[in-house]
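Residue-level listing of the chains:
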Amino acid sequence: MRLTDGFFIIESTHDTEGGFEAVLRTNPEHPIYKAHFPGSPITPGVCIIQAAGELLEKKLNRKLYLKTVKNVKFLSVIIPEEGKKIRYSFSNIVEDENSFKAQVTVSDDASVYAKISLIFNNERL
């Protein structure tokens, strides 16, 4: 399942100095929210990380495989609301032989939800 095809909807992307930024809209009707957690849904951390990988794949136009979550700090929960927009800011994207490293900050205008350092392989090992 691709999370950026229904769990999150990509609103926009644009390049920034040293990286890029993507704005996603939450879909509170997605089945994942009915299970995590019924009556008080929040976005699972693994989905936040998976969406970052899918956005980087789209930007680089290549298939990536998550190798390492080097550092992750979940600072606040993302509560899905109709039309809620979440910003993924990518920086320090570095290609190193067969891998890509990136730092990602997940936020909106009021909160920082997560800070993540990820390493992806270009090919399945």
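Conventions we followed
Residues numbered from 1 in each chain as written. Predicted model: local features only at pLDDT ≥ 70, side-chain atom pairs only at ≥ 80, totals over all residues. Heavy atoms only, no water. Core = buried A, V, L, I, M, F, W, Y, C linked by side-chain atoms within 4.5 Å. Buried < 20%, exposed > 50% of the residue type's maximum accessible area, 1.4 Å probe, protein only. Helix = DSSP H or I, 4+ residues; strand = E, 2+ residues; numbered from the N terminus. Contact = heavy atoms within 4.5 Å. Pairing = 2+ DSSP bridges. Phe/Tyr/Trp six-rings, centres within 6.5 Å; stacked < 30°, edge-to-face > 60°. Salt bridge = Lys/Arg side-chain N within 4 Å of Asp/Glu carboxyl O.

A.B. asks: Before we go on, may I ask you to explain the nonpolar core in this structure?
C.D. replies: It is characteristic of soluble globular proteins that their nonpolar side chains tend to be buried jointly. Of all hydrophobic cores here, the largest spans 29 residues; its most connected members are Tyr-88, Phe-90, Val-104, Val-106 and Ile-116. Of all the secondary structure elements, the ones that give two or more residues to this core are strand S2 (19-26), helix H1 (31-35), helix H2 (45-60), strand S4 (85-96), strand S5 (99-107) and strand S6 (112-121). Apart from the residues within four sequence positions on either side, Phe-90 is in contact with Thr-16, Gly-18, Gly-19, Phe-20, Ala-52, Leu-55, Leu-56, Ala-102, Gln-103 and Val-104.

A.B. asks: What is the right way to look at the pairing of S4 in this model?
C.D. replies: One face of the sheet, then the other: side chains in a regular strand alternate in exactly this way. Bridge count for S2 against S4 is seven bridges, and the pairing is antiparallel. Residue pairing across strands places Leu-24 opposite Ile-86, the latter belonging to S4. Here S4 runs beside S5; their pairing, made up of eight bridges, is antiparallel. By the bridge assignment, Ser-89 is partnered in S5 with Thr-105.

A.B. asks: Which parts of the structure should I look at to understand the packing of aromatic side chains?
C.D. replies: Here the distance between the centres and the angle between the planes together describe a pair of aromatic rings. Inspection of the entire model under this criterion finds four aromatic pairs. Taking 4.8 Å as the distance between ring centres and 25 degrees as the angle between the ring planes, the aromatic pair formed by Phe-7 and Tyr-33 counts as stacked. Here Phe-7, found in the segment before strand S1 (8-16), pairs with Tyr-33, found in helix H1; they are 26 residues apart in sequence, far enough to count as distant. Take Phe-7: its relative accessible area is 1%, and that puts it in the buried class. You can call Tyr-33 buried: its relative accessible area is 3%. Measuring from centroid to centroid gives 6.3 Å for Phe-8 and Tyr-88, while their planes differ by 75 degrees, and the two rings are edge-to-face. With Phe-8 in strand S1 and Tyr-88 in strand S4, the pair connects residues that are 80 residues apart, well separated along the chain. Tyr-88 gets classed as buried once you look at its relative accessible area, which sits at 0%. Connected via pairs of aromatic rings, a cluster forms that spans Phe-7, Phe-8, Tyr-33 and Tyr-88.

A.B. asks: Whenever I open this one, the pattern of salt bridges confuses me. Can you help?
C.D. replies: Note on pairing: side chains with opposite charge can pair once their charged atoms come close. Per the stated rule, a full pass over the model turns up eight salt bridges. Its salt-bridge partner being Lys-34, residue Glu-29 comes within 3.8 Å of it at the nearest N-O pair. Among the ionic pairs, Asp-108 bridges to Lys-84, the shortest N-O distance being 3.5 Å. One end of the pair, Asp-108, is in the loop between S5 and S6; the other, Lys-84, is in the loop between strand S3 (65-74) and S4, with 24 residues separating them in the sequence. Taking the relative accessible area as the measure of exposure, Asp-108 reaches 15% and is therefore buried. The exposure class of Lys-84 is buried, given its relative accessible area of 16%. If you follow the salt bridges from partner to partner, you end up with Glu-11, Arg-25 and Lys-85 in one network.

Take it as geometry only, folks, not as evidence of what the structure does.
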